[in-house]
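Structure assessment
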Amino acid sequence: MAGLRDKYCIVGIGETSYSRNSGRSTRDLGTEAVRNAMEDAGLHPWDVDGMLNYHVGDSTLSQTIATDLGIRLDFYTDTFGGGSSTETIIGIATGVIEAGLCHTVAVYRSMNGYSGLRQGGSIGQGRPPAKVVVGPDLDTTPYGMTSPAQNFQLTFARHMYEYGTTSEQLAHVKVACSNHASNNPRAYYNKRLTVDDVLDSRWIVKPACHLLDCCIETDNATCIIVTSADRARHLRQRPIKIKSVAGRVNKPFQGMHSHYQCDPITRQAGYYASRVAFRNADVEPEDVQVTGCYDAFTFTPVLLFEGYGFCDPGQGGEYVSSGAINLGGARPNNTSGGQLCEGYTHGMNLVIENVRQLRHQADDGCPGWREGKHSYDYSEGRCRQVEDVELAMNMGWGTPAVSSALILGR
Amino acid sequence: MADYMNLILEVQPTDSEHRGYYEAARAGSLVVQRCTGCGLLRGIIGASCPFCTSGGWEWQAVSGKGVIYSFEIVTQAIQPAFADWVPYPVVLVELDEQRSVTWRWGIEDETVSLRLITNLVQRDDSTRPEDEANVAIGKRVEVCFVDLTDDFALPQFRLSDEAPEHAPWPAG
């Protein structure tokens with residue numbers, strides 16, 4: 001079974017700036033991102049007939065965005081979800097095109113992740129904490145366990161206990177992202193950091209999350225346009241082929257907290273998703289040259305690398321601190337700076353970056369980047385293009401129990 | 001319904017899963033769901049049996065003794081009332097009644113255990129968090145209860161007198 005390997009392509013990418021004070025509606029941000037992606041692809045509004053987005057009750061839905069842009073939809077749906085959604089709905093896009101429901105789908109995420117609803121939900125900012133606790137929230141909210149860092153921490157701590165994973169190893173994930181972000185003019189944080197910077201930042205949740213182990217929160221919208229390989233040939237950009245998708249693959253106990261009933265709790269659902277992703281793409285982890293790991297925390301890439309077989313279980317800490325994930329390393333990860341430094345989009349910016357890498361058009365400090373001319377000098381302010389990249393992979397994280405994947409080829 | 005940490009904890013009339021759990025706690029009993037189909041115990045409250053799909057279940061009292069399987073120390077509170085508690089521990093307690101068992105639909109090395117999420121509270125005051133220096137994987141714990149109303153108590157865990165199951169982590 002090959003899935004829909006190479007039949008569908010990513011032909012357009014669009015973003016807004018990454019900020020903490022957009023002063024704009026998610027409607028305004030969303031239309032800008034979709035407009036930018038259409039412009040990038042060389043598509044007109046009448047060329048787009050499908051739309052998909054994901055949200056957590058914090059966004060503007062497809063019909064409104066489409067109407068504002070004069071797009072007439074033959075298909076749309078708005079799905080609920082955060083991390084792991086990007087890869088999943090790109091997969092849905094290929095499916096609905098294959099089914100003949102439409103031919104060209106704009107996939108977007110628009111959020112005021114700092115000035116609007118904040119995932120971390122700190123006191124006095126963002127989402128007001130719920131006062132009345134009912135249903136499954138009774139199981140954890142009375143114990144002061146509500147934020148993502150709190151919800152995932154029991155897996156992180158157990159991994160540190162079982163395998164000896166250290167805060168220093170985790171800090172290398174942030175250091176790599178900060179180095180990459182320093183070569184990305186769009187990145188919200190573009191200052192290079194050291195391991196000590198991370199270790200010296202204040203604790204949020206022990207034992208795995210200092211402040212700088214946590215992703216940033218930003219206001220932004222992002223868009224990716226998917227169409228068939230046939231249509232892609234006539235558009236502005238080199239088409240980037242979708243080789244496989246794994247969409248929201250689960251562990252046997254799928255809830256944020258129910259998965260703690262089932263060992264090993266240190267295993268991320270990517271362990272199961274990897275089979276779908278690699279089988280359908282007909283490639284192996286060793287073939288992948290660039291990765292984009294959902295980096296809600298420095299720990300999430302560690303578990304994704306293990307789950308998807310880029311290293312053995314328990315070796316993720318060693319993998320991320322070995323230099324492999326740095327630009328110039330064996331398999332660079334999150335070359336834009338990721339959600340730890342570039343911006344927080346619930347994963348879509350990580351896919352957009354891999355599309356740029358595969359076009360050989362990372363918009364770095366090299367004057368000729370538009371023509372694919374790069375220096376491959378990864379010092380500060382210079383290049384962030386990986387040389388001769390042909391195959392890239394995104395690994396999405398919803399919780400330890402949920403994972404999605406996307407393998408893209410040039 | 002109960003007022004706790006500036007939260008209103010409410011078992012709604014339609015919440016057929018949580019009904020009875022807090023009343024049992026008020027009577028001094030920690031209960032878990034036991035499937036009447038396959039007999040396995042469930043550490044997280046649900047409507048049906050994830051091990052066999054049966055919709056039949058009953059509350060079963062358990063000893064309330066277990067071990068800290070994992071933990072976290074929250075240093076930045078989200079809920080305002082917890083700001084007075086930081087740094088406070090959340091623990092994943094593995095109860096003695098069901099540990100690392102296989103089930104019909106598990107594959108490879110997957111096993112299930114009976115685990116609850118609570119705070120680790122002080123031994124002599126269940127309304128205050130245990131000192132973070134005393135929290136470690138491997139330490140033995142026992143249930144205690146925070147009485148909130150005449151028919152509602154919140155289960156918590158505290159350190160017990162039993163020796164740790166293995167060298168505690170972190171050490172010290």
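For clarity, every value in this text was computed on a predicted model and none was experimentally measured.

Moving on: the overall build of chain A. When you go through chain A residue by residue, the secondary structure sums to twelve helices and 13 strands. Relative to a compact globule of 410 residues, whose C-alpha radius of gyration would be 22 Å, chain A shows 20 Å and is just as compact. Principal axes of the C-alpha set define a box for chain A whose edges measure 55 × 50 × 45 Å. Within chain A, the fraction of its 410 residues that count as buried is 62%. Taking all contacts inside chain A whose residues are at least 6 apart in sequence as the whole, residues at least 24 apart take part in 75%.

Moving on to the sheet that holds strand β5 (residues 132-133) of chain A. Working definition: the strands of a sheet are paired by backbone hydrogen bonds and lie parallel or antiparallel to each other. Strand order in this open sheet of three strands is β5(A)-β2(B)-β1(B), and the pairing throughout is mixed. At either margin of the open sheet sits one strand with a lone partner, and together these are β5 of chain A together with β1 (2-4) of chain B. Pairing between β1 of chain B and strand β2 (residues 7-9) of chain B: three bridges, direction antiparallel. Bridging across to β2 of chain B, Tyr4 of chain B finds its partner in Leu7 of chain B.

Residue and element names in this part refer to chain B. Read across the sheet, three strands follow the order β4-β3-β5 without closing on themselves; strand pairing throughout is antiparallel. Of all the strands in the sheet, the pair left with one neighbour each is β4 (41-42) and β5 (57-61). Two elements, strand β3 (residues 31-35) and β4, share two bridges in a ladder whose sense is antiparallel. The partner of Gln33 across the bridge, within β4, is Arg42.

Here chain B averages 96 in pLDDT, while 100% of its residues score no lower than 70. Both scores are available for the predicted complex, with the pTM at 0.97 and the ipTM at 0.98.

Quick look at the environment of Val198 of chain A now. Residues and elements named next belong to chain A. Here Val198 lies in helix α6 (residues 195-200). A count of 23 C-beta atoms within 10 Å places Val198 in the buried class. Sequence spacing of Val198 and Val175 is 23 residues, and the spatial spacing of their C-alpha atoms is 8.2 Å. Apart from residues lying up to four places away in sequence, Val198 is in contact with Ala171, Lys174, Leu193, His210, Leu212 and Asp213.

Residues and elements named next belong to chain A. Put simply, helix α1 (residues 26-41) and helix α2 (residues 62-69) touch, their axes get as near as 10 Å, and they point 60 degrees apart. With respect to each other, α1 and α2 are oriented oblique. Here α1 and α2 pass one another in a crossing that is right-handed. Every residue of α2 that contacts α1 at Arg27, Gly30, Thr31, Val34 and Arg35 is listed here: Thr64, Ile65, Asp68 and Leu69.

Looking now at the environment of Ile44 of chain B. With respect to the secondary-structure elements, Ile44 of chain B resides in the loop between β4 and β5. Residues Ile44 of chain B and Asp15 of chain B lie 29 residues apart in sequence; the distance between their C-alpha atoms is 14 Å.

A few words now on the interface of chain A and chain B. Residue-level contacts link 37 residues of chain A with 43 residues of chain B. Going through the elements one at a time, β5, α4 (148-163), β6 (203-206) and β10 (262-263) of chain A are the ones with two or more residues in the side of chain A that touches chain B. Considering every element that reaches the side of chain A that touches chain B, the biggest residue donor is α4 of chain A, with six residues. The class makeup of the residues in the side of chain A that touches chain B is 19 nonpolar, 13 polar and five charged. Where β10 of chain A meets strand β8 (residues 111-112) of chain B, two bridges bridge the pair, whose relative direction is antiparallel. Counted as the bridge partner of Asp263 of chain A is Thr111 of chain B from β8 of chain B.

What counts and what doesn't
Residues numbered from 1 in each chain as written. Chains lettered and ligands numbered in written order. Predicted model: local features only at pLDDT ≥ 70, side-chain atom pairs only at ≥ 80, totals over all residues. Helix = DSSP H or I, 4+ residues; strand = E, 2+ residues; numbered from the N terminus. Rg over C-alpha atoms; globule rule 2.2 N^0.38 Å. Buried ≥ 20, exposed ≤ 12 C-beta atoms within 10 Å, placed from the backbone. Contact = placed C-beta atoms within 7 Å. Pairing = 2+ DSSP bridges. pLDDT = per-residue confidence, 0-100. Axes fitted to C-alpha atoms, helices over the stretch in contact; angles between N-to-C directions. Parallel < 35°, antiparallel > 145°, perpendicular 65-115°, else oblique. Left-handed = near helix turned anticlockwise from the far one by under 90°. Nonpolar A, V, L, I, M, F, W, Y, C, P; charged D, E, K, R; others polar.

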